[in-house]
Amino acid sequence: MTTQWANELWNNIVDKVGLTSTTIGAGFPYISYKGRYEHEKVDWWTNGFWPGLLWLVYRETRNESLKEIASDIETKMDAVLLDFYPLHHDVGFMWSLSSVAQFKLLGSELSKRRAMTAASHLLGRYNAKGQFIRAWNQPERVGWAIIDCMMNLPLLYWASEESNDPRFRHAAILHADTTLREFLRPDGSTHHIVCFDPETGERIEAHGGQGYSPDSAWSRGTAWSLYGMALSARYTGEVRYIDAAKRAAHFFLANLPEDGLPPWDFRAPWDEDMAMDSSAAACAASGMLELSLLVPKEESELYRSRAEKLVRKLNERYTAWNDPNEEAILRMGTANCPRNTHVNVPLIYGDYFFAEAVCKLRGMQDTFW
Ligand code: GLY
């Protein structure tokens, strides 16, 4: 029975997060080496995932100490909002899982203001000529957009709902449509980076980015596209986003090795020390569970059951429940293979998406996104 199995898995997550919250505390964990999470600077793009994980557990346990830690992290991140210059498009990752989460759970007015500030920044990155959201800040990248940004769009949809101002949603929809047109391929794979002329909005070229080549299939990029399109569909009800999420899901599943652990890029040549990416699998599983809520009943079970199978495989082979000296939940993620940074190690976002998928398998349909 799914529920009993998922409940047992959830109990492992609750126990683990209860323990690691005492060692990780109100920090910014990113990659785990030798069992300990290394922490990042306050402006790092992954800084929403640890508070997000704490809020997932708090939502069901009401463990006050987790709430305190997640709130402290949010307070520390205020310095970034005020600093402005380090902010980039990943304000969605950062403030959806921290401030939007706290607002949805506890109605905090301060958290709402933080998330609205972050959403306003994201809207300010919109290039009206090219109809895309600018990714990073380097001057030579002013016309660059990346697939990851699909996961930042929920902050804009949320901001429109909260403020009754459709501008945030308009920008999100136009960016999602540009992504559909310029990134996603008919087979369900996607480019990582597409560069546009920032003056005219014309497409210039695609780059490989964190994938193997411009025409390859970075596995986490596929997961960002799958889950991001599903979330755009959840907020807008648009069938074209559901169809795009399905295409990405089918591509992901068709290319997934038997043991559920994707290579860092589905089209990279295999070698002995292949970099693998459990975070892509965890994100894809949670994305498929989102998708299962959006399709007709007769299709829903396909996505739910494939997501469950994936979570089961990850759990059997790549979780660290039996290692009291490991702070992370999920092993074998890869942050950036082309740069050879953080290969086959636990990543905080792998932990988050794994826990989120388990929540969904237990029937939790509300999301912080
Ligand atoms: N958003 C950056 C990454 O997926 O590594």
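No experiment lies behind these values; they were computed from the predicted model shown. (Residues numbered from 1 in each chain as written. Predicted model: local features only at pLDDT ≥ 70, side-chain atom pairs only at ≥ 80, totals over all residues. Heavy atoms only, no water.)

Chemist: Help me out: how do you make sense of the pattern of salt bridges in this one?
Modeler: One side chain can pair with another of opposite charge once the charged atoms of both are near each other. Under the definition given, this model contains 24 salt bridges. The partner of Glu308 in a salt bridge is Arg304, with the nearest N and O atoms 3.0 Å apart. With Glu308 and Arg304 both in helix H11 (residues 297-318) and four residues apart, the pair spans about one turn of that helix. On the basis of relative accessibility, which here comes to 9%, the residue Glu308 falls in the buried class. Sharing partners across several salt bridges, the network here consists of Arg234, Glu290, Glu356 and Lys360. (Salt bridge = Lys/Arg side-chain N within 4 Å of Asp/Glu carboxyl O. Helix = DSSP H or I, 4+ residues; strand = E, 2+ residues; numbered from the N terminus. Buried < 20%, exposed > 50% of the residue type's maximum accessible area, 1.4 Å probe, protein only.)

Chemist: Quick question: what am I supposed to make of the site of the ligand here?
Modeler: The environment of the ligand is formed by Trp45, Asp148, Gln210, Trp218, Arg220, Trp224 and Ala335. Separating an oxygen atom of the ligand from a side-chain N or O atom of Trp224 is a distance of 3.0 Å. Burial of the ligand by the protein chains amounts to 92% of its free accessible area of 200 Å². Classifying every residue of the shell around the ligand gives four nonpolar, one polar and two charged. (Near = heavy atom within 4 Å. Polar contact = N/O pair within 3.5 Å; in protein donor to acceptor, adjacent residues only side chain to side chain. Areas by Shrake-Rupley, 256 points an atom, 1.4 Å probe, with all protein chains shown as cover. Nonpolar A, V, L, I, M, F, W, Y, C, P; charged D, E, K, R; others polar.)

Chemist: Honestly, the sheet that holds strand S5 (residues 144-146) in this entry has me stumped. Any pointers?
Modeler: Paired through backbone hydrogen bonds, the strands of a sheet run either parallel or antiparallel to each other. Read from one edge of the open sheet, three strands run S5-S6-S7, paired in antiparallel fashion. Across the chains shown, the open sheet's two edge strands, defined by having one partner strand only, are S5 and strand S7 (203-207). Averaged over all neighbouring strand pairs, the angle between strand axes comes to 25°, with direction disregarded. Both S5 and strand S6 (residues 193-196) contribute to a ladder of three bridges, which runs antiparallel. Bridge pairing links Ile146 to Ile193 in S6. (Pairing = 2+ DSSP bridges. Axes fitted to C-alpha atoms, helices over the stretch in contact; angles between N-to-C directions.)

Chemist: Would you mind going over the UniProt feature "binding site: substrate" (unreviewed entry) in the protein with me for this structure?
Modeler: Mapped onto the present numbering, the UniProt feature "binding site: substrate" (unreviewed entry) falls at Asp90, Asp148, Arg220 and Trp224. On the secondary structure map, Asp148 appears in the loop between S5 and helix H6 (153-163). Judged by its relative accessible area of 7%, Asp148 falls in the buried class. Setting aside anything within four residues of it in sequence, one finds Asp148 in contact with Phe93, His192, Trp218 and Trp224. Its location among the elements puts Arg220 in helix H8 (residues 219-236). When its relative accessible area of 1% is taken as the criterion, Arg220 is described as buried. Every residue in contact with Arg220, bar those within four places of it in the chain, is listed here: Gln210, Trp264, Asp277, Ser279, Ala280, Thr334, Ala335, Leu347 and Tyr349. A distance of 3.5 Å separates the side chain of Arg220 from the side chain of Ser279, its partner in a polar contact. (UniProt positions renumbered as here; feature names shortened; annotations may be inferred. Contact = heavy atoms within 4.5 Å.)

Chemist: Is there a simple way to think about the nonpolar core in this case?
Modeler: Counting residues in each nonpolar core, the largest one holds 131 residues, and the members touching the most others are Phe49, Phe353, Phe354 and Trp369. With 10 residues, helix H12 (residues 348-361) is the single largest residue contributor to this core. In this view, Phe49 contacts Phe93, Leu97, Ile348, Tyr349, Tyr352, Phe353 and Trp369; residues no more than four positions away in its chain are not counted. With six residues, the next largest nonpolar core counts Ala135, Trp136, Ile146 and Cys195 among its residues. (Core = buried A, V, L, I, M, F, W, Y, C linked by side-chain atoms within 4.5 Å.)

Chemist: Would you explain the packing of aromatic side chains in this entry?
Modeler: In this description, a pair of aromatic rings is defined by centroid distance and the angle of the planes. Tallied over the entire structure, the rule returns 27 aromatic pairs. Judged by centre distance (5.2 Å) and plane angle (65°), the ring pair of Trp45 and Phe93 falls under edge-to-face. Taken together, the residues span a long stretch of sequence, with Trp45 in the loop between strand S2 (36-39) and helix H2 (49-61) and Phe93 in helix H4 (residues 91-106) at a distance of 48 residues. Aromatic side chains Tyr227 and Trp369 sit 6.2 Å apart centroid to centroid with 70° between the ring planes, which places their arrangement in the edge-to-face category. Taken together, the positions of Tyr227 in helix H8 and Trp369 in the segment after H12 put the pair 142 residues apart, joining distant regions of the chain. Here Trp369 falls in the buried class, since its relative accessible area comes to 0%. (Phe/Tyr/Trp six-rings, centres within 6.5 Å; stacked < 30°, edge-to-face > 60°.)

Chemist: Help me out: how do you make sense of the packing of H2 against H4 in this one?
Modeler: A pair of packed helices is captured by two measures, namely the crossing angle of their axes and the spacing between those axes. Where H2 contacts H4, the two axes come as close as 8 Å, and the packing angle between them is 25°. Considered as vectors, H2 and H4 are oriented roughly parallel to each other. Helix-helix and strand crossings are classified by hand; for H2 and H4 the assignment is left-handed. The segment H2 lies against H4, with Phe49, Pro51, Gly52, Trp55, Tyr58 and Arg59 engaging Phe93, Leu97, Ser98, Ala101, Gln102, Leu105 and Leu106. Residue composition of the contact of H2 with H4, by class: nine nonpolar, three polar and one charged. (Parallel < 35°, antiparallel > 145°, perpendicular 65-115°, else oblique. Left-handed = near helix turned anticlockwise from the far one by under 90°.)

Chemist: Explanation requested: the packing of helix H3 (residues 64-83) against H4 in the structure shown.
Modeler: Where H3 meets H4, the axes come as close as 10 Å, and the angle between the chain directions of the two elements is 130°. Relative to H4, the element H3 lies oblique. Of the two elements, H3 crosses H4, and the hand of that crossing is left-handed. Every residue of H4 that contacts H3 at Lys67, Ser71, Glu74, Met77, Val80 and Leu81 is listed here: Met94, Trp95, Ser98, Ser99, Gln102 and Leu106. Of the residues that constitute the contact of H3 with H4, the class distribution is six nonpolar, four polar and two charged.

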